[in-house]
Each structure stands twice: as C-alpha cells, then as structure tokens.
Amino acid sequence: MKPAEQYQRLTHSLHWDPTYVSEDAYIPEEWRTSCTMPDWKKFNDPFQILFEDYVRIQAEKEDKFHAVRDAGARFGHIGRVDPRWVEAMKSFNTALTYSEYYNYRGHVRVARFAPAPAIRIASMVQAMDERRHAEEAIYQARDYVKHHKSGFLLPRDRITFFERHWYFQGDRSFFEDLITTDPIEAIIGTNLVFETAFTNLLFIAAPAAGVANGDYGFGQAHMTIQSDETRHMALGQAVARAMLQNDDMNLELIQDWVDKWFWRCHRLLLAVVGPVLDYFPKVKPISYREAFQRYVVEDFIQGYVSELSQFGLKPPRHLDQALSELEHGSHTIWRELYASRKSLWFDVHQPTAEDIEWMNEKYPSFDAVHGDYWRAVADGADMQADSLPMICDICHFPCTFPEPKTAVALPVDYEGDRYWFCSEGCKWIFEREASKYKRTIEPSALLLGDKDPAWVAQFLNISPDGTPLGGTAAPEGYFPAMPVPATI
Amino acid sequence: MSTKVQRSVVGIELMAGEECDAIVSAVLDDIPHASVVQVPGMVQLDVPDRLVIHASAVETYLGREWDTRDLNQVVSAYRGYFTRWDEEQVVLSWDAEDRGDAPNV
Ligand SMILES: [Fe+2]
Ligand SMILES: [Fe+2]
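Residues numbered from 1 in each chain as written. Chains lettered and ligands numbered in written order. Predicted model: local features only at pLDDT ≥ 70, side-chain atom pairs only at ≥ 80, totals over all residues. Heavy atoms only, no water.

Student: What is the right way to read the overall build of chain A from this model?
Tutor: Scanning chain A from N- to C-terminus turns up 20 helices and two strands. Expected size for 488 residues packed as a compact globule is a radius of gyration near 23 Å; at 23 Å, chain A falls within 12% of this value. Each principal axis of the C-alpha distribution contributes one length, and for chain A these read about 70 × 60 × 50 Å. Evaluated residue by residue, chain A yields a buried proportion of 60% over its 488 residues. Total accessible area on chain A stands at roughly 19,100 Å², and carbon and sulfur atoms take up 54% of it. Across chain A, the mean location of the 50 positive side-chain charges is 4 Å away from that of the 70 negative side-chain charges. (Helix = DSSP H or I, 4+ residues; strand = E, 2+ residues; numbered from the N terminus. Rg over C-alpha atoms; globule rule 2.2 N^0.38 Å. Buried < 20%, exposed > 50% of the residue type's maximum accessible area, 1.4 Å probe, protein only. Areas by Shrake-Rupley, 256 points an atom, 1.4 Å probe, with all protein chains shown as cover. Lys, Arg positive; Asp, Glu negative; His and termini not counted. Charge placed at Lys NZ, Arg CZ, Asp CG, Glu CD.)

Encoded structure:
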C-alpha cells in the first residue's frame, strides 16, 4: 500500500461521528470552532505522517540528542560552557520547560476538539512532540546542575519562579491564553504565527548563540526541536489557507487571530528572547533585530502573509508598532532586569566595553538612548528599582516600551476597574475579549507592595543575596489563581 | 520570479553534517547560484522561487540509500510551501500548486 493510501486508512478511517451522544455533549460549545468549512473531512495535513515513520524518525532524533549530551558529560563540554550563557539558561530554560508543557496540553485539547480528522491526528502527534521538547529542556537543566559550577536551578525552584515571579508571568499568561482558545485559533496562534514566524528566533537563532558559547547540547536539542516545528508550521499554513480559501466568513476571524497572536508573540519574544541574543552571550552571532528581520519580516510577512493576501489577509494590524520597538526593545528590558537584579535568580550583568561596541554597531541609536544609563552605572550609580515595575494587564511585562523615557501606559476602564496596557496592541487585545482577560489575581506590584521583606522574599523564592530559597512553599496568605501543573 | 509573494525566495536551514552536505551539493548541481551560508551548527540554503530535492541526487552524494522522509531529521526551518514530499522529490515553492519536476526519462 502506498504511504498516501495508508495515511488515509490510518487517519480518516479512524475518525467517527458520534451517534450515541449529541454533538453538544461531544464537543461543548466553548470548545467548538467558530470557523466554517464545507467539509472538514476533506482537509489534509501536508505532511501526512504515518505513526510508524513518526516513531522511527523521532527515536533517531532522540538518540542523536542524547549522544551529544553524553559526549558533553564525557569530554567535559558542559562544564566549559561560558558562564554568561548558563545565566541565560537559568532564565530561558525555565521559561521553555513550562512553555513546552503548556503547548503539549494545548495540542491534546486541539486533538480532542478540532473538527477535522487530519487536524486531530496532526495535533496528537504534535502533542507528543511538545512533550518531548519539555523533556529535553529538563534533561538540559539536569546537565547544568550536574556538570556546571554555576549553581543551576533545581525543579522546585524553577516551578516557583515560573508560577510567581513577575518576569515569567508574561510567558505564563501567553500560554494560558493560547490553550484556552477556539481550536482553530489555537492552530493559527501556535502553528501559523508562533511557530512559522517566531520559533525560528528561539530554536535557530538562540542555538546558534548557544553553540558559539560552547553549549552543544543546547544547539542539538533546539535544532531537533525546530525540526519538529517544520511539521507544525506546515499544518498551520495549510489550515490558514484552507479556512481562507473555502469560506469568506472565516477571513475576519483568521485576521483577528493573526493580529492578536502576532502582537502577543512579539511582546513575549522581545522580552524573553531579546536578552538571550543581545545580552547574555559573550559571543553574539546574530542580533535580535537581525533575526526578526530574517524570520519574521522576510519569511513570514513578505512570504506567507503576502501569499495569503490573495484571499484577503492583511499584514498584522500592529506590525508597524512592533517594528518601531525593535531598536530599543531588548535594551529596555535589560535595563528593567538590571534594576531588579536583586530579586532575580540569574545574573544580570553590566554590559562590558565589548558588549557596548557590539550594541552600537547593531543598534545605531543605542548610545543616544542608553549610553548615559550605562555610563552612570560605570561611575557607580546603583540603579536599583525600589518597587516592582508597573505591569501591563495583557502581556504582563512592564509598561516600559518603546524605551523608559517615552514609555506608554494606556488605561481602559472595565466593570469598575482600571486596567493599564503597555501598547496599542495589548489594549486592542483586551478590548476585543475583555471578559477573558479581566483581573483574577492582584498584579505583583500591588500583591507585594505592602508586605514585609521576608514575605516578599519567600514569595519570590529569592534570598537577599540572590540565591533561590529552594522550595515551593508559598508564604501565608498566597493562593495562586491557577497553579502551574506540577506534573513535570 | 513568482508574482504570488512580495519576496520570492524559498529555502531551508539544515543541521550541519553529512546529509546536509549531500543535500546542498545536490541542489547546487541544479541551481549553481543558490546562496549557501554557514552559521554555527547550521547551513542556510536559499534559492529564488522554487527548490526541488531529488532523492536520487542526494543518494549519489551520500553513497547510500536515502529516504526523503528523513529530511525531517535535518531541516530546522524553511521558507515557502512544501508542495510535494514523496519518494522521489521534495518540492518547496511559493506556488501552492507546484507538483515538482517532470520525471527524468
Ligand atoms: Fe515545542
Ligand atoms: Fe502589554
């Protein structure tokens, strides 16, 4: 039997329509897509992967990853990774572990509730991919703990930071939003926008930086993760195309979802990956802005979005704002991190003369806007923030963009509460679905504002000298709105 | 030049190694002016409009059999649509209807 026939047999013929229960019971309304298709069963995943091929190919990817890890331990590469890069991993690896796990949960849900058999199978396979990605991140964390003298984080510290620290609430809220959407929105948000446009910054540009700083395990892990991403991207592109091609009614929804997830991805990656390319690494192969230009502007906007414009799709509505933030975004977030370095568990260094030279070369207005700040630091200014930053009610990053001097904070009143947003993009997202995003927990600035320092230290899991306290014990009176699942 | 997109470049980014070298060599035989850029751990291969990887050409360079499905092991990023991916050819194109090269006779 030819692979294509086999694929039909093992995908479409495994799907059945329920007859013992109503459709409402089978797919509750809140999980049913608002998109329409004349016949969902006709949709095909371009990859058409068979489970037996999937298992064989993934097993080989895993073998290669573990071979690199083993070699790193055996020959001592892991211990020789540049210490600044390991500080990046204390931030990035923690965010990634839980992000991947959230993605796994999201795709299990799409596999259950998506209307097309081919989407359901592809999402099931993707859920397994995401689970593998989370596990690779955990293996890497274990390697740093075991083989690097940097005091890497133990799992109980990692989950506590992810659940409570302000710097990670942006990442956490992004994924909680993503896994509680319409199933086709989940595909557009994850597979089309996040994975096609943005994950190349995470899994190609960041590993290039990792490899340049001696972290071969990170390089190998992320290149194999990104190789799964090729399947995910193809699914996102095919779903978007099919929705736009088959029913004009879908255009408005797809456009809104592209606009929303473009802005959410832009803000999250600028704040979390910007520093991983521009600040942490001693050797910097590519700047955040160059990587954005290549993968987001040239590939996504000038490639996929322009190809889909024949069906009416327009570039993301806040594209220009995103582009105008790139010159200062990573510098702004690094200054924010530097000012709150006492409550962070990774080292936020003062840029060296070499770093500054590189910044000036890659970002022409760096000196005019940020030069004085770092000159003041060099002259001994402390620059400690005495309070937590004011946080945007959508992206949960500080209202500090485009740069501290011209920072924006836009108010919206909703049901008697005042909300603040860092940008037009975040404000638009809130107004479109205010009931989804209304406040369920105090923002950390208010939550921690009047508490004594010991309570705050326990909440943030950081001792005054910056070492993790080593535990998930929450201080009295703290109940997370939605605890991160402790499965991993 | 494809009129379907603003920037008609397709390409793949490959994990460096034997398979990557064979794929790049096979493509360069067909498209000598392809852009090949080395970055740490990876190779970026970009060409105008469309890219066809013929399994037989890759096998010649590798000196062994090569299953096109294994391309998924080494491709980390791409630009363009995969419009065909079977035993003989992998096609990356901005033309969603591109079904690849005519068979060699
Ligand atoms: Fe993933
Ligand atoms: Fe925001």
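Student: Would you mind going over unusual backbone geometry with me for this structure?
Tutor: Where the residue is not glycine, phi is negative for most of them; where a peptide bond is considered, it is trans in most cases. Cis rather than trans, the peptide bond between A:Phe401 and A:Pro402 has omega equal to 0°. In this fold, A:Pro402 is placed in the loop between α16 (366-378) and β1 (410-414).

Student: How should the coordination of the iron ion (ligand 2) be read in this particular structure?
Tutor: Angles at a metal have ideal values that depend on geometry: 109.5 degrees with four tetrahedral donors, 90 or 180 degrees with six octahedral donors. All names here are of chain A. In this structure, Cys392 (SG), Cys395 (SG), Cys422 (SG) and Cys426 (SG) serve as the protein donors to the iron ion (ligand 2), at separations of 2.3 Å. For the iron ion (ligand 2), the four donor atoms are set out with angles of 104 to 115° between them, so the coordination reads as tetrahedral. In primary-sequence terms, the residues that donate to the iron ion (ligand 2) follow C-x2-C-x26-C-x3-C. You can see Cys395 sitting in the loop between α16 and β1 and its partner Cys426 sitting in helix α17 (residues 424-432), a full 31 residues away along the chain. (Donors = N, O, S within 2.8 Å, 3.2 Å for Na, K, Ca; no water. Tetrahedral: all angles 85-135°; square planar, octahedral: opposite > 155°, others 65-115°.)

Student: Even after reading the chapter, I still don't get the coordination of the iron ion (ligand 1), so can you show me in this structure?
Tutor: Residues and elements named next belong to chain A. Protein coordination at the iron ion (ligand 1) comes from Glu100 (OE), Glu130 (OE) and His133 (ND1), with a distance range of 1.9 to 2.2 Å. As a motif over one chain, the donors of the iron ion (ligand 1) read E-x29-E-x2-H. Of the two residues, Glu100 sits in helix α4 (residues 83-113) while Glu130 sits in helix α5 (residues 117-147), which places them 30 residues apart along the sequence. By the burial criterion, Glu100 is buried, and Glu130 matches it.

Student: Please clarify how the environment of A:Leu251 should be interpreted in this entry.
Tutor: All names here are of chain A. You can see Leu251 is positioned in helix α10 (residues 250-272). Note: C-alpha distance between Leu251 and Phe311 (60 residues apart in sequence) is 8.0 Å. Ignoring anything within four residues of it in the chain, the contact list for Leu251 reads Leu244, Phe311, Gly312 and Leu313. (Contact = heavy atoms within 4.5 Å.)

Student: Can you help me understand the state of the cysteines in this one?
Tutor: Put plainly, two cysteines are in a disulfide when a covalent bond ties their sulfur atoms together. Residues and elements named next belong to chain A. One pass over the full model with this rule turns up zero disulfides over all chains. You can see Cys35 has no disulfide; the closest cysteine sulfur is in Cys265, sitting 18 Å from it. Taking the relative accessible area as the measure of exposure, Cys35 reaches 5% and is therefore buried. (Disulfide = S-S within 2.5 Å.)

Student: Just checking my understanding: could you explain helix α8 (residues 183-212) of chain A for this structure?
Tutor: Owing to its 3.6 residues per turn, the α-helix aligns residues three or four sequence positions apart on the same side. All names here are of chain A. Of all the bends in α8, the largest measures some 55° and sits at Phe194. The opening residue of α8 is Asp182, an N-cap whose side-chain oxygen sits 2.8 Å from the backbone nitrogen of Ile184. Once α8 ends, the next one or two residues include Gly214, with phi positive near 90°. (Bend = angle between axes of the 7 residues up to and from the residue. Polar contact = N/O pair within 3.5 Å; in protein donor to acceptor, adjacent residues only side chain to side chain.)

Student: I would appreciate a short explanation of empty space enclosed by the protein in the present structure.
Tutor: Empty space among the atoms becomes visible once a probe the size of a water molecule is rolled across them. Residues and elements named next belong to chain A. Summed over the entire model, instances satisfying the criterion amount to five cavities of 30 Å³ or more. Lining the largest cavity are 19 residues, and of these Leu96, Ser99, Phe175, Phe194 and Leu202 sit closest to its centre. Looking at the lining of the largest cavity, the elements with two or more residues in it are α4, α7 (166-178), α8 and α10. Of the residues forming the lining of the largest cavity, the biggest block, six residues, is contributed by α4. A breakdown of the residues in the lining of the largest cavity according to their chemical character gives 11 nonpolar, three polar and five charged. Split by residue class, the lining of the second largest cavity holds five nonpolar, five polar and three charged. (1 Å grid on protein atoms, 1.4 Å probe; cavity = no way out; pocket = protein on both sides within 12 Å on 5 of 7 lines; lining within 4 Å. Points joined across faces, edges and corners; volume = space filled by probe spheres on them. Nonpolar A, V, L, I, M, F, W, Y, C, P; charged D, E, K, R; others polar.)

Student: Is there a simple way to explain the pattern of salt bridges in this structure?
Tutor: Note on pairing: side chains with opposite charge can pair once their charged atoms come close. The tally for this structure, following the rule as stated, stands at 49 salt bridges over all chains. For A:Arg241, the salt bridge is made with A:Glu307, and the minimal N-O distance between the two is 2.8 Å. In this pair, A:Arg241 is assigned in helix α9 (residues 216-246) and A:Glu307 in helix α12 (residues 288-308), connecting sequence segments 66 residues apart. Just as A:Arg241 is buried, A:Glu307 falls in that class too. Here B:Asp46 makes a salt bridge to B:Arg79, at a shortest N to O gap of 2.8 Å. Highlighted residues: B:Asp46 in strand β3 (residues 42-48) and B:Arg79 in strand β5 (residues 75-79), separated in sequence by 33 residues. Here B:Asp46 and B:Arg79 have matching classes, each one buried. Connected through salt bridges with shared partners, the residues A:Asp177, A:Glu185, A:Asp256, A:Asp259, A:Lys260, A:Arg264, A:Arg317, A:Arg432, A:Glu433 and A:Lys436 form a single ionic network. (Salt bridge = Lys/Arg side-chain N within 4 Å of Asp/Glu carboxyl O.)

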